[in-house]
Each structure stands twice: as structure tokens, then as C-alpha cells.
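# Observations on the model geometry
Listed below, chain by chain, are the residues.
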Amino acid sequence: MAVTYQGSIDVMLAHLDQHPELDPRDYAAELAKILLGGMQAKA
């Protein structure tokens with residue numbers, strides 16, 4: 001899980017660097033929803 005989290009953060013930062021028009025807070029909030037939703041999924 002830690003590798004997935006760190007990879008998503010690294011990619012997010014690189015993507016935001018290439019697309020300064022994006023709002024980093026919105027992007028981070030959506031990413032957090034995706035990651036937390038996956039962590040909370042019932043098996």
C-alpha cells in the first residue's frame with residue numbers, strides 16, 4: 001500500500017508541474033478520495 005501511495009504522490013507532483021493550470025488542492029482531494037475509498041473497500 002505504501003508503494004501505491006508514494007507512487008501516486010510522485011505522479012501527482014510531476015503532473016501538476018507540467019500542468020500549472022490545475023488546482024493542486026482539488027487534485028490532491030480527488031486523489032485522497034480514490035486512495036481512501038480503495039483502502040476502505042470490503043473484501
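Right above here is the structure, for reference.
What counts as what
Residues numbered from 1 in each chain as written. Predicted model: local features only at pLDDT ≥ 70, side-chain atom pairs only at ≥ 80, totals over all residues. Heavy atoms only, no water. Helix = DSSP H or I, 4+ residues; strand = E, 2+ residues; numbered from the N terminus. Buried < 20%, exposed > 50% of the residue type's maximum accessible area, 1.4 Å probe, protein only. Areas by Shrake-Rupley, 256 points an atom, 1.4 Å probe, with all protein chains shown as cover. Expected span 1.5 Å × (residues − 1). Arc of directions from axis to C-beta. Contact = heavy atoms within 4.5 Å. Patch = residues over 30% accessible without salt bridge, like charges linked within 9 Å, V, L, I, M, F, W, Y side chains within 5 Å. Salt bridge = Lys/Arg side-chain N within 4 Å of Asp/Glu carboxyl O. Axes fitted to C-alpha atoms, helices over the stretch in contact; angles between N-to-C directions. Parallel < 35°, antiparallel > 145°, perpendicular 65-115°, else oblique. Left-handed = near helix turned anticlockwise from the far one by under 90°. Nonpolar A, V, L, I, M, F, W, Y, C, P; charged D, E, K, R; others polar.

## Focus on the overall build of the protein
When helices and strands are counted, the protein shows two helices and zero strands. C-alpha extents for the protein along the principal axes are approximately 40 × 20 × 10 Å. Across the 43 residues in the protein, those meeting the buried criterion constitute 14%. When the accessible surface of the protein is summed, it comes to about 3,700 Å², and 62% of that surface belongs to carbon and sulfur atoms.

## With respect to helix 1 (residues 2-18)
With 17 residues, helix 1 extends 25 Å between its outermost C-alpha atoms, agreeing within 8% with the 24 Å of an ideal straight helix rising 1.5 Å per residue. Along helix 1, the residues that are buried comprise Ser-8, Ile-9, Met-12 and Leu-16. Along helix 1, the residues classed as buried sweep out an arc of 100° about the axis, all on the same side. Exposed and oriented more than 90 degrees from the buried face of helix 1 are Val-3, Val-11, Asp-17 and Gln-18. Buried-residue contacts for helix 1 involve helix 2 (24-40).

## Thoughts on a nonpolar patch on the surface
Taken together, the side chains of Met-1, Leu-36 and Met-39 make up a nonpolar region of the molecular surface, amounting to roughly 310 Å² of accessible area. Note that Leu-36 resides in helix 2. Classification of Leu-36 as partly exposed rests on a relative accessible area of 45%.

## Topic: the side chain of Ser-8
With respect to the secondary-structure elements, Ser-8 resides in helix 1. Excluding its chain neighbours within four sequence positions, the residues that come into contact with Ser-8 are Leu-31 and Leu-35.

## Structural notes on the packing of helix 1 against helix 2
When two helices pack together, you describe them by how their axes are tilted relative to each other and by the distance separating the axes. Viewed as axis vectors pointing N to C, helix 1 and helix 2 meet at an angle of 160°, and their least axial separation amounts to 11 Å. Between helix 1 and helix 2, the crossing angle belongs to the class labelled roughly antiparallel. Of the two elements, helix 1 crosses helix 2, and the hand of that crossing is right-handed. Touching Thr-4, Tyr-5, Ser-8, Ile-9, Met-12, His-15 and Leu-16 of helix 1 are Pro-24, Tyr-27, Ala-28, Leu-31 and Leu-35, all from helix 2. Its residues assigned to classes, the contact of helix 1 with helix 2 shows nine nonpolar, three polar and no charged.

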